[in-house]
Structures are given as C-alpha cells and as structure tokens.
Amino acid sequence: MTDAQETAADSSLRTTGGGPPDDVEPAPTPLLEPRDGIPPVIADDASLAEVIAAFAAGSGPVAVDAERASGYRYGQRAYLVQLRREGAGSALIDPVACPDLSGLGEAVAGAEWVLHAATQDLPCLREIGMIPTSLFDTELAGRLAGFPRVGLGAMVESVLGFVLEKGHSAVDWSTRPLPEPWLRYAALDVELLVDLRDALEKELDRQGKLDWARQEFDAIAQAEPAPPRKDPWRRTSGMHKVRRRRQMAVVRELWETRDRIAQRRDISPGKVLGDAAIVEAALAVPANLHALAALNGFGHRMGRRQLEQWQAAVDRAKALPDTELPQPGQPVTGPPPPRAWADKDPAAAARLSAARAAVSALAERLNMPQENLITPDTVRRVCWEPPKTPDAESVGAALTACGARPWQVELVTPALVTALSVKAV
C-alpha cells in the first residue's frame, strides 16, 4: 500500500463506520487505474500454464473474483475469473475456454484467498476446480467492523481513498470477446483487494473482533456445498397468491417446462417466461390457447408454437388426479412463521420478543448487523424449543447445535438465558 493509501485508510478507519466526520469536508478521491494495465484474457492451456507457474511463485494472499451472467444465462457458472498476487500481478482467465482451473487452485491452495462476498463466488469457483482452504471476506469484514456500506466500491473508497468504476456489474459476461471497458472493470475488482484486506484486518484487531472474523471465514471455507432446493418451483415470485392445489400444479408444470427450455437454450429462465405470467396462468387455469393468449405475459409477440407448449403444461396440470396434486406449503422443518406464534404458543412468542430486543441491543453496542451477530433463524429455533433448564451451558449447546460459532455463543448466550425466562403476559 502506498503512503497516500495508508493515510486515507488510517483516517477513514478512525471514524465510526469508516466515513469522515460530519464537520470535515471529504477530500476528492482519485479514480483508480490498473497498476499494470489490463492483462490479456487467458484462453488457452499454454497461457494458463504460465499463469499457474507465476501464481505458484508469488507470495502472500491471493485476490480472487468471478463474474457470472446472472439474468442472461442459465445457472450461475463463472464467465471470467480474476486473480492478483504479489509477484505475479493480475490475471484474467476465461473459464469457458479453460474450464478446468484445478491446477491453478492447487498452485495457490496454501495461500489465503481474499474475496468480496465470498459466498456468492465460491459455488461457481468450485465448479471449475478452485476451492480455498482459508479465506478473508472483505464484505463480511466490513459488516463485522460496522461499516454502513459494504459494497466493494464503497469499501475501497472509504477505507483506501480510491474510486472504483462500477458500471459493468450487471452486464452479460458470457459476451465474447469481452469489451475492453469490461475487462478494465474486472481487473480493478482485484486491484486493491489485498490492500483492503490488510486495512480491515487492522481495524478488526483494533475493535477486538479479529478472532470473530477469522471464525466466520473458517466457517465459510469449510462449509459443504448447499444441497439442491426441494421443490424450487415454490419460490416463484407471487406464489403467495396461489391458494388451490390445482393452481399450484399449473405453477409446477409451467415452471418445470420453462426450466427445461432455459437449460436447453442456456438462457435465464426469466427470459423464457416471467414469473408473473406463470402465476397469472395458474390463477386463471385457461381452457385453451385463446384464453391463454389473453393473459398478461402471453401476448401477441408470442408465437403459436410457444403458446401450445405452455397450454400443454397447463393441460397436464388439469389432467392430474387429486392424489398427485402438490400439497399447500412446504414441509416445515423448523418453527412456524413468527406471526403465528402468539396464537400457537404465547410463551414462545414472549421469549422471541425478548430475545429479539436483547440481540438488537447487543448488536447495536457491538456496532454490527444483528444477522451477523446471530442468525434470526437460530434465535427462532432456540426460542421455539428452548432447553428445559435455560442456563448458560444448555443455551450455549443449543446455539452450537444450530451452527453458531464460539464467539457468537459466548456473546449471545447471556442475553438468551435472560430472554428464555420471560413469561407470557
């Protein structure tokens, strides 16, 4: 980090939330430029081998980022991978041309990976063979440190004093060749990531939160891949309007038909048919093509062949016997929705209210979001089925069983012990 960056970082970190005091006019921030220019995109095995050798010989943490084509392509695969390491410089890699990056992952396996919002990028990186053993998440670090804005651009500006151009985050990264402005943007995403990591580590240490952050980072690195969602069609936007089982069957048939088409054509499902159209058809259960074409989302721009495939899906749902219709709601594996607690279990509702207030107050004192102090789901589970004797040992064990880290257990247990003793009025 340069002297100017150190000065900007130290100045910003001395203020609450990483910003300047209200009575100080902020200095203009310079626009960041890639230190080594825009690196060429690696798209062949020979060039990849050179990058692997360079990064294996580098030193220190490795900044890692990935760009997807959400909203344009099916799934969440990576279409560009960016890395930077001391002694190796920056690299931009095309994972479509080089789909197996396990060799690169192995070359930097012993290094700490620095990512911003790691849980967003790790699934697509895992698909191409890049799996970290240790990491530092600059977004999560910012949350724990109490920064009010934790986007990468905001963090780089408030902590390091540089402005990142953030105009291409939502573009179609499956485009080939990638335009130069996009590549410049991609290279800048890893340009100062290690510098940001170093500054945030100092701030977390100053606040006494560094061990907490390390526990969180370890949990992310060691987490198993999420299992496939059960009945993903139930997450259709607007699904709450669909009440009858036959209508739910229409949603399911249309969703699954759309998903097959989107996967075959490798485009975002929303570009095939919108969720609003699926719900509209489910509520109407159209009898024929004419009725379907009159619904929103199935207008004049849709050809007859497309209409026929959607009507066929509706007809399949209409033909199902009652025994094969989906059941309302999803199988509940945890507590009911909090809004139902007052009727189902007033004592649990009182415990939850007290627990939420206690957690909120503790999070405010620690200057961090409540959900990072302890997940709302964990609080609900412990309040719904509390230990028979809610003492520190039993409550701590309950929190641990829900996946809470040691630092969370230590901080939250006293508050929950008190909350779990609250009686319903």
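Basis of the calculations
- Residues numbered from 1 in each chain as written.
- Predicted model: local features only at pLDDT ≥ 70, side-chain atom pairs only at ≥ 80, totals over all residues.
- Heavy atoms only, no water.
- Buried < 20%, exposed > 50% of the residue type's maximum accessible area, 1.4 Å probe, protein only.
- Helix = DSSP H or I, 4+ residues; strand = E, 2+ residues; numbered from the N terminus.
- Pairing = 2+ DSSP bridges.
- Axes fitted to C-alpha atoms, helices over the stretch in contact; angles between N-to-C directions.
- Parallel < 35°, antiparallel > 145°, perpendicular 65-115°, else oblique.
- Left-handed = near helix turned anticlockwise from the far one by under 90°.
- Contact = heavy atoms within 4.5 Å.
- Nonpolar A, V, L, I, M, F, W, Y, C, P; charged D, E, K, R; others polar.
- Core = buried A, V, L, I, M, F, W, Y, C linked by side-chain atoms within 4.5 Å.
- Domains from an automatic or database assignment.
- UniProt positions renumbered as here; feature names shortened; annotations may be inferred.
- Salt bridge = Lys/Arg side-chain N within 4 Å of Asp/Glu carboxyl O.
- Phe/Tyr/Trp six-rings, centres within 6.5 Å; stacked < 30°, edge-to-face > 60°.
- Lys NZ or Arg CZ within 6 Å of the ring centre and 35° of its normal.
- Arc of directions from axis to C-beta.
- Polar contact = N/O pair within 3.5 Å; in protein donor to acceptor, adjacent residues only side chain to side chain.
- Buried area = accessible area lost by both parts, 1.4 Å probe.

Caption draft 1: The arrangement of the pairing of strand β2 (residues 59–68) in detail. Of all the 10 residues making up β2, 7 are buried; the element is thus mostly covered by neighbouring parts of the structure. Judged from the 8 bridges that link them, β2 and strand β3 (residues 78–86) form a sheet pairing that is antiparallel. Pairing of A66 across the sheet is with V81, part of β3. One ladder, built from 2 bridges, connects β2 with strand β5 (residues 113–115); its direction is parallel. Following the sheet pairing, V62 is matched in β5 by W113.

Caption draft 2: Highlighting the packing of helix α10 (residues 245–265) against helix α14 (residues 304–319). It is the contact of α10 with α14, at a shortest axis distance of 8 Å, that shows an interaxial angle of 140°. Our classification of the angle between α10 and α14 gives oblique. The element α10 and its partner α14 pack so that their crossing is right-handed. Here R246, A249, V250, E253, L254, T257, R258, R260 and I261 of α10 come into contact with α14, specifically with Q309, W310, A313, V314, R316, A317, K318 and A319. Residue classes in the contact of α10 with α14 are distributed as 9 nonpolar, 2 polar and 6 charged.

Caption draft 3: Structural context of the nonpolar core. By size, the foremost hydrophobic cluster in this structure holds 80 residues, and its most contacted members are V81, L83, I93, L125, L135, L373 and L399. Per-element accounting of this core gives the leading share, 7 residues, to helix α16 (residues 346–366). Residue contributions to this core reach at least three from each of two domains, namely domain 1 (29–222) and domain 3 (338–421). When neighbours within four sequence positions are excluded, L399 is seen to be in contact with I374, T378, V382, A404, V409, V412, T413 and L416.

Caption draft 4: Expanded view of the UniProt feature "domain: HRDC" (unreviewed entry) in the chain. The UniProt entry lists residues 244–324 under the feature "domain: HRDC" (unreviewed entry), expressed in the numbering used here. Taken end to end, residues 244–324 comprises 69% helix and 0% strand; its first and last C-alpha atoms sit 13 Å apart.

Caption draft 5: Representation of the pattern of salt bridges. Tallied over the full model, the rule gives 20 salt bridges. Salt-bridge contacts for E201 lead to R197; the nearest nitrogen and oxygen are separated by 3.0 Å. With E201 and R197 both in helix α8 (residues 193–207), this residue pair falls 4 residues apart, about one helical turn. Looking at E201, the relative accessible area reads 22%, which means it is partly exposed. The shortest N-O distance in the salt bridge between R258 and D275 comes to 2.8 Å.

Caption draft 6: The arrangement of the packing of aromatic side chains in detail. For the structure on display, the rule yields 5 aromatic pairs. With 4.7 Å between their ring centres and 50° between their planes, F136 and F217 make a pair best called tilted. Of this pair, F136 sits in strand β6 (residues 135–137) while F217 is found in helix α9 (residues 210–222), placing the two residues 81 residues apart along the sequence. Of the two residues examined, F136 and F217, each falls in the buried class. Following the ring pairs from residue to residue traces out a cluster consisting of W173, W182 and Y185. Cation over ring: R77 sits above Y79, and NZ or CZ is 5.0 Å from the ring centre.

Caption draft 7: Region of the structure containing the pairing of β3. Within β3, 8 of the 9 residues are buried, which leaves it mostly tucked inside the rest of the structure. As paired strands, β3 and strand β4 (residues 89–93) are joined by 5 bridges and run antiparallel to one another. Note that in β4 the partner of V81 across the bridge is I93. Between β3 and β4, which pair antiparallel in sequence order, lie 2 residues; one of them, G87, sits at a positive phi of approximately 90°.

Caption draft 8: Region of the structure containing helix α18 (residues 376–384). Here α18 has its buried residues at T378, V379, V382 and C383. Buried residues of α18, viewed axially, fall in a sector of 125°; they line one side. Its buried side turned inward, α18 meets α15 (341–344), α16, α19 (392–401) and α20 (406–419).

Caption draft 9: Fine view of the side chain of E139. Mapping E139 onto the fold places it in helix α5 (residues 138–145). The class for E139 is buried, based on a relative accessible area of 18%. Excluding residues within four positions of it along the chain, E139 makes contact with H116, A117 and V150.

Caption draft 10: Region of interest: α5. Of all 8 residues making up α5, 7 are buried, and the element is well covered by its neighbours. Residues of α5 that are buried: T138, E139, L140, A141, G142, L144 and A145. The distance from a side-chain oxygen at the start of α5 to the backbone nitrogen of E139 is 3.0 Å, and the residue carrying that oxygen is D137. At the C-terminal side of α5, G146 shows a positive phi close to 90°.

Caption draft 11: Seen up close, the domain arrangement of the chain. According to the domain assignment, the chain consists of domain 1 (29–222), domain 2 (235–319) and domain 3 (338–421). Averaged C-alpha coordinates put domain 1 and domain 2 at centres separated by 38 Å. Facing the 5 residues of domain 1 at the interface are 8 residues of domain 2. Roughly 580 Å² is buried in total at the junction of domain 1 and domain 2, and carbon and sulfur atoms are behind 47% of that figure. If you sort the residues of domain 1 by the area they bury against domain 2, Y72, R73 and Y74 come out on top, with a joint share of 82%. Linking domain 1 to domain 2 there are 4 residue pairs in polar contact (both at pLDDT 80 or more).

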